[in-house]
Amino acid sequence: MASSWGSGRSGLSSFATAASQAAPGLRLAPMLPLLLLLLPASEGSRAFPRGAAGPPLNSPPLSIMGLMPLTDNVTKGSIGRGVLPAVELAIQQIRNESLLYPYFLDLRLYDTECDNAKGLKAFYDAIKYGPNHLMVFGGVCPSVTSIIAESLKGWNLVQLSFAATTPVLADKKKYPYFFRTVPSDNAVNPAILKLLKYYQWKRVGTLTQDIQRFSEVRNDLTGVLYGEGIEISDTASFSNDPCNSVKKLKSNDVRIILGQFDQNMAAKVFCCAYHENMFGSKYQWIIPGWYEPSWWELAHSEGNPSPCLSKNLLAAMEGYIGVDFEPLSSKEIKTISGKTPQQYEKEYNDKRSDVGPSKFHGYAYDGIWVIAKTLQRAMEHLRSSNRHQRIQDFNYTDHKLGKIFLDAMNETNFFGVTGQVVFRNGERMGTIKFTQFQDSSEVKVGEYNAVADTLEIINDTIRFQGSEPPKDKTIIQEQLREISLPLYSILSALTILGMIMASAFLFFNIKNRNQKLIKMSSPYMNNLIILGGMLSYASIFLFGLDGSFVSEKTFETLCTIIKDQKLLVIVGGMLLIDLCILICWQAVDPLRRTVEKYNMEPDPAGRDISIRPILEHCENSHMTIWLGIVYAYKGLLMLFGCFLAWETRNVSIPALNDSKYIGMSVYNVGIMCIIGAAVSFLTRDQPNVQFCIVALVIIFCSTITLCLVFVPKLITLRTNPDAATQNRRFQFTQNQKKEDSKTSTSVTSVNQASTSRLEGLQSENHRLRMKITELDKDLEEVTMQLQDTPEKTTYIKQNHYQELNDILNIRNFTESTDGEKAILKNHLDQNTQLQWNTTEPSRSNQDPREDINSPEHIQRRLSLQLPILHHAYLPSIGGVDASCASPCVSPTASPRHRHVQPPFRVMVSGL
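Residues numbered from 1 in each chain as written. Predicted model: local features only at pLDDT ≥ 70, side-chain atom pairs only at ≥ 80, totals over all residues. Heavy atoms only, no water.

Chemist: Explain the overall build of the chain to me, please; I cannot follow it from the model alone.
Modeler: The helix and strand tally for the chain stands at 30 helices and 22 strands. The burial tally for the chain puts 48% of its 911 residues in the buried class. Taking as baseline every contact in the chain between residues at least 6 positions apart, the subset at least 24 positions apart corresponds to 72%. When the accessible surface of the chain is summed, it comes to about 45200 Å², and 56% of that surface belongs to carbon and sulfur atoms. (Helix = DSSP H or I, 4+ residues; strand = E, 2+ residues; numbered from the N terminus. Buried < 20%, exposed > 50% of the residue type's maximum accessible area, 1.4 Å probe, protein only. Contact = heavy atoms within 4.5 Å. Areas by Shrake-Rupley, 256 points an atom, 1.4 Å probe, with all protein chains shown as cover.)

Have a look at this one:
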């Protein structure tokens, strides 16, 4: 179908008849009222001066082929019908301006119906049956437009589209004669780049519907962002269900999402975003802005159900930014027609009457002006080249004139109602607008001028749901896990108190080093124990230092300081072994500062950042091996200490017998080290807890050990200074053992007795000692009776004679418990017999019984036997030695000053 705007109104019926014959089935009825409004004045009218009614009546037409959908049954037919009032305004203004004097534009419309076959047939019918068209105006549907644009070169025709935005047509090798006044879909990519830079978003993700139009935009965007310092961290696409792609973007921590999908899929996308919580202050969606008004309501229309409630969908959509070309310029500047864009818009609305508006009307209006200016420059070129060819003589084989039209089109540059009209490789350098969805409506928030490459954000219009624009990724802020200053201060204070206590013990030990109690307990070894405890205390200060107190270089230096676990036992060869281990450790695999990173944590302050905790360690490559060596060595030392404590558990002198306290110390250190090592390993990522536990373990172990070793000595020295000499039997026993070991083999056999027999003898020894004590009381009573009343000898003779013999027998058994007291028994028997046999010669002939039991004999025997008995059992309770049995020695002499022969015997007390 073709309609001539150059013919008169009276010829419309004949044109319709001819068009119907040329294109059967043509339906003009719906368009007749509109066409009547658009037809220019009849041919043959006179020319008017500039600004008058129009060109002369006999002006030749310049035919332009118009290709667009116009019928009602095509969705995009509304685009063609909506732009016709704008086209009429442009033609009328061009005629009034006499821009093409003495010619006028003759726009002939051909309905493509957005069908490839029908569109191609309309194009060839226009060429075959119509006049020679100088240019092609139109092209709405991408498929029809691309087919026709590809064949333009063969006809030397230049095409100008006002609505075809598909990026495919930007290929100048394939479509060299194609131009468009509307920016392509790819034109939004430089604007998006400018927006990303404006908000310093350097990491984005794309979500694309699997359609060629959107895929091409995504591919072009990749090229635009390349080299601009902006990373496309993830690219997701979908066909029907976008939820998996949305999840994928979320899993990759994509915050800025660049979407390319139609309005039907947009509802599904935002529904998925709602379920994945990908909206709000942390996310920013940037999607196409060319959707129909209230497009989201289609999600709940009949036949298009949505799994989201309307309020949920609106919540997910809140704040998205739409990007689209600007239908009309917002600048109040006079255009090429002499009217501002706002004035033109008013005229357009008045002109279209009841015809629905089209967002492309401004581009169609400017397109007519582009054609007029191109033809004007072509005519000027023909006149200036002194060529006698006229512009209306153009035919489809005229390559030279076709090339003139092409060059003139590329030189287009004027300010139209849609902004600055400039072509770059056939693409319109237009204005891109940004809108934001706010409170269920779209609000313009900024625009991008492609010619000047500038972005203008309208003040106080764009709103983000947070206090600031969303971050382009989860901000990972490394945060050193530091030792709490109050905790460090408290534990340092406890450590200082422990060091003061250790210093007091050291002072006490040095000051009283000549005291027998201290001297007998190895004061130099005790001093080493104190120094080791002080070093253990000092390690707490080093263990609590981290990056908040010292620099990295200082921390690296502190890593090679000897730690406390190496100095728990600093004695002799043990210290040498420790030093060898530490030197090898440091030489082969030295300790260095390492930083351990942990999983991200949400910001406690609620900011849109994530915290990645980091922790400093002193470690090396084979830390486990070296610690295993140290733990094994120290474990053997602790076992050896336990063995020594067990072997010396029976020492009777308190100043020497520290085995109980040493055993308690070893047990305390062992248990606390096991617990401390395990808990320290488990709390590796919690420096405060780890420091607190390790410090308390060190303080507890050191304090308890020092107190167990020195507090009993301190108390004993203060309360009983002679405690070291209260039981010297241990010394005598050792000396006697040394002497008897040289002369008596029986001593060796006794020392080799089994433990079970020794325990039995000790028990029996204790029982007999108690019996001896009781008999001693009886003996003293007998002595007192003899001194008081000599007449009681008969009572003594009858009642106590047997008891005296029992005393002797018990003592003899006690002294022979270890098998070596037979000699003592014989010695006592001889002395006793000697004393009992010492009688006066005058009494030798008397009755033996009477003679023996006489009061004189009894008193004499007692005077001799009592010292012997005392000498016999007093060594068992710490008195004189049994070998000192001579009656000539004064009984009152002090046992301490009496020379004692060292025959070997079993220790009776103190076990």
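Chemist: When you look at the environment of alanine 90 in this model, what are you seeing that I'm missing?
Modeler: By the secondary structure assignment, alanine 90 is in helix α3 (residues 77–97). The exposure class assigned to alanine 90 is buried, which follows from its relative accessible area of 0%. Distance from alanine 90 to alanine 364, taken between C-alpha atoms, is 8.8 Å for residues 274 residues apart in sequence. Contacts of alanine 90, omitting those with residues within four sequence positions, involve Tyr365, Ile368 and Trp369.

Chemist: Just checking my understanding: could you explain the pattern of salt bridges for this structure?
Modeler: Two side chains carrying opposite charge are able to pair once their charged atoms lie near each other. Throughout the structure, instances matching the rule amount to 21 salt bridges. Between glutamate 113 and lysine 118 there is a salt bridge, and its shortest N-O distance comes to 3.1 Å. For lysine 118, a relative accessible area of 43% translates into the label partly exposed. Note that lysine 444 and glutamate 326 form a salt bridge whose closest N and O atoms lie 2.4 Å from each other. In this pair, lysine 444 is assigned in strand β17 (residues 441–449) and glutamate 326 in the loop between β12 (321–325) and α12 (341–352), connecting sequence segments 118 residues apart. The exposure class of glutamate 326 is buried, given its relative accessible area of 7%. Several salt bridges converge on common partners, so that one network encompasses Glu326, Lys444 and Glu447. (Salt bridge = Lys/Arg side-chain N within 4 Å of Asp/Glu carboxyl O.)

Chemist: In this structure, what is going on with the side chain of aspartate 366? I would like to understand it.
Modeler: The topology assignment puts aspartate 366 in helix α13 (residues 361–384). For aspartate 366, which is buried and forms no salt bridge, the nearest opposite charge comes from arginine 428, at a distance of 4.8 Å. Every residue in contact with aspartate 366, bar those within four places of it in the chain, is listed here: Phe414, Gly416, Val417, Thr418 and Val421. (Lys, Arg positive; Asp, Glu negative; His and termini not counted.)

Chemist: Just to check I follow, could you spell out the pairing of strand β18 (residues 454–457) for this structure?
Modeler: Side-chain direction in a regular strand flips from residue to residue, so the side chains alternate between the two faces of the sheet. Side chains Leu455 and Ile457 project from β18 onto a buried face, and the interleaved Thr454 and Glu456 project onto a face without burial. Judged from the four bridges that link them, β17 and β18 form a sheet pairing that is antiparallel. Its bridge partner being in β18, glutamate 447 is matched across the sheet by glutamate 456. (Pairing = 2+ DSSP bridges.)

Chemist: What am I meant to see in the nonpolar core here?
Modeler: Within soluble globular proteins, side chains that are nonpolar generally end up buried alongside one another. Formed by 105 residues in total, the largest nonpolar core has its most connected members in Leu105, Phe137, Phe162, Leu375 and Ile391. With twelve residues, the single largest contributor to this core is α13. Residues contacting phenylalanine 162, with those up to four places away along its chain left out, are Met68, Ile79, Val83, Phe137, Gly138, Gly139, Val140, Thr181, Val182, Phe360, Tyr363 and Ala364. In terms of nonpolar packing, the next biggest core, distinct from the first, is built from 29 residues, Met265, Cys271, Ile287 and Tyr320 among them. (Core = buried A, V, L, I, M, F, W, Y, C linked by side-chain atoms within 4.5 Å.)

Chemist: Help me understand the sheet that holds strand β10 (residues 256–260), please; the structure alone is not making it clear to me.
Modeler: Adjacent strands of a sheet form backbone hydrogen bonds with each other and so pair up, either parallel or antiparallel. Taken together, eight strands build an open sheet; the order of strands is β9-β8-β10-β11-β12-β16-β17-β18 and the sheet is mixed. Strands at the two margins of the open sheet, each flanked by one partner only, are β9 (231–238) and β18. For this sheet the average axis-to-axis angle between neighbouring strands, irrespective of direction, equals 25 degrees. Bridge count for β10 against strand β11 (residues 284–288) is three bridges, and the pairing is parallel. In the strand pairing of β11, isoleucine 257 is matched with tryptophan 285. (Axes fitted to C-alpha atoms, helices over the stretch in contact; angles between N-to-C directions.)

Chemist: Looking at this model, I keep getting lost on α13. Mind explaining?
Modeler: The α-helix advances 3.6 residues per turn, and as a result positions three or four apart in sequence lie on the same side. Between its first and last C-alpha, α13 extends 35 Å over 24 residues, near the 34 Å set by a 1.5 Å rise per residue. With its phi angle positive at about 55 degrees, asparagine 386 sits one or two positions after the end of α13. (Expected span 1.5 Å × (residues − 1).)

Chemist: Help me out: how do you make sense of empty space enclosed by the protein in this one?
Modeler: The rolling of a water-molecule-sized probe over the atoms marks out the regions of remaining empty space. Using the criterion set out here, one finds seven cavities of 30 Å³ or more in the structure. Approximately 90 Å³ is the volume attributed to the largest cavity. What lines the largest cavity is a set of 16 residues, among which Tyr283, Gln284, Glu318, Gly319 and Gln465 lie closest to the centre. Only β11 and α11 (310–317) provide two or more residues apiece to the lining of the largest cavity. Residues belonging to the lining of the largest cavity are distributed by class as follows: nine nonpolar, five polar and two charged. (1 Å grid on protein atoms, 1.4 Å probe; cavity = no way out; pocket = protein on both sides within 12 Å on 5 of 7 lines; lining within 4 Å. Points joined across faces, edges and corners; volume = space filled by probe spheres on them. Nonpolar A, V, L, I, M, F, W, Y, C, P; charged D, E, K, R; others polar.)

Chemist: Is there a simple way to think about the packing of helix α10 (residues 263–275) against α11 in this case?
Modeler: For the pair α10 and α11, interaxial distance at closest approach is 8 Å and the crossing angle is 90 degrees. The orientation of α10 with respect to α11, classified from their angle, is roughly perpendicular. Residues Ala267, Phe270, Cys271 and Tyr274 of α10 form the contact with α11, whose participating residues are Asn312, Leu313, Ala316 and Met317. When the residues that make up the contact of α10 with α11 are grouped by side-chain class, the tally is seven nonpolar, one polar and no charged. (Parallel < 35°, antiparallel > 145°, perpendicular 65-115°, else oblique.)

Chemist: For this particular structure, what's the right way to read the state of the cysteines?
Modeler: Joining two cysteines, a disulfide is a covalent bond between their sulfur atoms. What the rule picks out here adds up to three disulfides. Each sulfur of the disulfide joining cysteine 114 and cysteine 141 lies 1.5 Å from the other. One end of the pair, cysteine 114, is in the loop between β4 (104–111) and α4 (116–129); the other, cysteine 141, is in the loop between β5 (135–138) and α5 (142–150), with 27 residues separating them in the sequence. A sulfur-sulfur separation of 1.9 Å characterises the disulfide bridge that pairs cysteine 271 with cysteine 308. Here the S-S torsion is close to 90 degrees, and the disulfide linking cysteine 271 with cysteine 308 is therefore right-handed. Taken as a pair, cysteine 271 in helix α10 and cysteine 308 in the loop between β11 and α11 lie far apart in primary sequence, 37 residues in all. A residue is classified by how much of its surface remains accessible, and cysteine 271, at 2% relative accessible area, is buried. (Disulfide = S-S within 2.5 Å.)

Chemist: Can you walk me through unusual backbone geometry in this structure?
Modeler: With an omega of 10 degrees, the peptide bond between tyrosine 101 and proline 102 qualifies as cis. Tracing the backbone through its elements, the reader meets proline 102 in the loop between α3 and β4. In the Ramachandran plot, serine 294 falls in the positive-phi region, its phi being about 55 degrees despite a non-glycine side chain. When you line up the elements, serine 294 lands in the loop between β11 and α11. Unusually for a residue other than glycine, aspartate 453 sits at a positive phi of about 55 degrees. Its place among the elements puts aspartate 453 in the loop between β17 and β18. By relative accessible area, which is 38% here, aspartate 453 ends up partly exposed.

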